[in-house]
Amino acid sequence: MSIIKLFVLPGDGIGPEVMAEVEKIVAWLNSEGVARFEIEKGLVGGAAFDAHGAAISEADMARAKAADAVLLAAVGGPKWDGVPYDVRPEAGLLRLRKDLALFANLRPAICYPALADASSLKREIVEGLDLMIVRELTGGVYFGEPKQIIDLGNGQKRAIDTQVYDTYEIERIGRVAFDLARKRRNKVTSSEKRNVMKSGLLWHEVISALHVREYPDVELEHQLADALGMQLVRRPKQFDVIVTDNLFGDMLSDVASMLTGSLGMLPSASLGEKDPASESRKALYEPVHGSAPDIAGKGMANPIAMIGSLAMALRYSFEMGELADRIERAISLVLEKGLRTADIAGGAKQILSTAQMGDAVLAEL
Ligand code: ATP
Ligand code: MG
C-alpha cells in the first residue's frame, strides 16, 4: 500500500480546532485501506513566531517541500499585530506559496442545496451551483516591475504598477484549467480584458492556441473580465471552469464565494509545477477563511471548509476522486438533515459545535 505524507499546519485562531476534525477524517481514510496517510505536524504563523521567532521555521519549510501535500488551516490574529513585518503570521503563508512555487489557485464555488437560501442571490440562481475559479497566483500586476511611487514634487506623486505575463505562465495555468475541465463538465471560460490591455491580448492568444494544440476536445469560450463579473451574479450556473489572471481572479473568486453562503464552507487548493519524472506536483490545501479570532477557542467554528480542502487534496494530488466525492456527499447529507454550525444556522434543526460537526460528517461516511 502506498504511503502518503501529509504535512499539517494548524496555525492560529480556529486553525487547530478545524484541523482536529480533518485528522478524524484522515483516520477514517486509513481505515478504508486505500492508502496509508501519515500526518506530520508543523507550526506556521503566530504559533511559529511564539515558538521560534519566525513565521515558519527552515525545518518546517523542508518538511513542507518533502511532503506529498500540505494542509494549512489559518494564520494570524490580534496577538501578533505588533510583530515585525517580515515575521508577521501572513509571511509564513507567503513563504510557502513562493518556495513551493504555487502558481495556480483553485477556488470552487459550490452551493449545497440545503444552503441555497444563505446565498446573496435567489435560490433558483445558485441551487446546485458548482464552478471552479482557477486564478494565476505568482505573476501579473501584484508582482510586475516597475512597482513604485515617485515623488514628482509640487505635491504630486505618481504610482506605478506593472502587469507582466510571459507565454509560459499563461500556458501552464491554462493547462491546469483544461485538465480540470476534463474531469468536470469539459468547459473552460477564459477571462481578461484584451480590449484595453496588452497582457489580455497575449492571454487570449496563448489560451486559444493551447486549446487548438492540446485540448480541442474541451469547450472554450472567452469573456471579458467585467462582463464575466456581471454574468457571475446573473447566471453563474453557465460556468464550469473559469481561468483568469492574478488580479481578476482575486476579485472574481471573492464575488463567487458570496454565491454560496458562508466563508466557513469554502475550500481552496494552490498547485505548483508538475514534476516530469513523478507526474506529481507540490500542493497546498487550505480553507478560504482566516483565523477568525472573534470565535477562536469557543468550539463553534465550521470545519467544513477545512474538510473540503482535504477532499480537494484527495482529488487533485492523489487521484482519489471517488473518496473526495464521498466526503462531499457526506457533508451534503449532514446539511440536508438540518445539522449546522452557528455560521450557517439558517434553517437549522440543531446547532453543532466544531467537534460535533466533524463527528456528523464521519457518521455519514
Ligand atoms: P484573514 O485576514 O485571515 O482573511 P479575516 O479577518 O479577513 O481574516 P476571517 O478570519 O475569515 O476573515 O473571518 C471573517 C468572519 O467570518 C469572522 O466573523 C469569522 O468569525 C467568520 N468565520 C470565518 N471562518 C469561519 C468558520 N470556519 N466558521 C465560522 N465562522 C467563520
Ligand atoms: Mg480576509
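As a convention, each chain's residues are numbered from 1 in the sequence order in which they are written. Here the convention is simple: chains get letters from A, ligands get numbers from 1, in the order in which they are written. Where local features are concerned, this predicted model is filtered to residues with pLDDT of at least 70; where side-chain atom pairs are given and counted, the filter is 80 or more; whole-chain, interface and lining totals use all residues.

By the naming in an unreviewed UniProt entry, the protein goes by 3-isopropylmalate dehydrogenase and is assigned to Methylocapsa palsarum. Taken from UniProt, the Catalytic activity (unreviewed entry) comment for the protein reads in full: "(2R,3S)-3-isopropylmalate + NAD(+) = 4-methyl-2-oxopentanoate + CO2 + NADH". Per UniProt, the protein has the following entry under Subcellular location (unreviewed entry): "Cytoplasm". UniProt positions are given in the numbering used here, feature names are shortened, and annotations may be inferred rather than shown by experiment.

Here we come to the environment of Gly 290. The way it works is that DSSP assigns letters per residue, a run of H or I at least four long becomes a helix, a run of E at least two long becomes a strand, and they are numbered from the N terminus. Take Gly 290: it is sitting in the loop between strand E12 (281-287) and helix H10 (304-317). We classify Gly 290 as partly exposed; it has 19 C-beta atoms within 10 Å. As a C-alpha pair, Gly 290 and Leu 333 span 43 residues in sequence and 26 Å in three-dimensional space. The burial label depends on the number of other C-beta atoms within 10 Å of a residue's C-beta. Counts of 20 or more mean buried, 12 or fewer mean exposed, and intermediate counts mean partly exposed, with C-beta atoms placed from the backbone.

In this section: the site of ligand 1. Each residue gets a C-beta atom placed from its backbone. Should that atom fall within 6 Å of a molecule or strand, the residue is termed near it. Neighbouring ligand 1 are 15 residues; Gly 264, His 289, Gly 290, Ala 292 and Asn 302 lie closest to it. For the shell around ligand 1, a count of residues per class yields 7 nonpolar, 6 polar and 2 charged. Residue polarity is assigned by list, with Asp, Glu, Lys and Arg as charged and Ala, Val, Leu, Ile, Met, Phe, Trp, Tyr, Cys and Pro as nonpolar; anything else, Gly included, falls into the polar class.

Turning our attention to the UniProt feature "site: Important for catalysis" (unreviewed entry) in the protein. Per the UniProt record, "site: Important for catalysis" (unreviewed entry) is found at Tyr 142 and Lys 193. Along the chain, Tyr 142 falls in the loop between strand E5 (130-136) and strand E6 (144-153). The exposure class assigned to Tyr 142 is partly exposed, which follows from the 15 C-beta atoms found within 10 Å. Those residues in contact with Tyr 142 that lie beyond four places of it in its chain are Asn 246 and Leu 247. Assignment of secondary structure puts Lys 193 in the loop between strand E8 (187-192) and helix H7 (198-214). Throughout, a residue-residue contact means that the two C-beta atoms, derived from backbone geometry, are no farther apart than 7 Å. Setting aside chain neighbours within four positions, we find Lys 193 in contact with Gly 200, Leu 224 and Ala 225.

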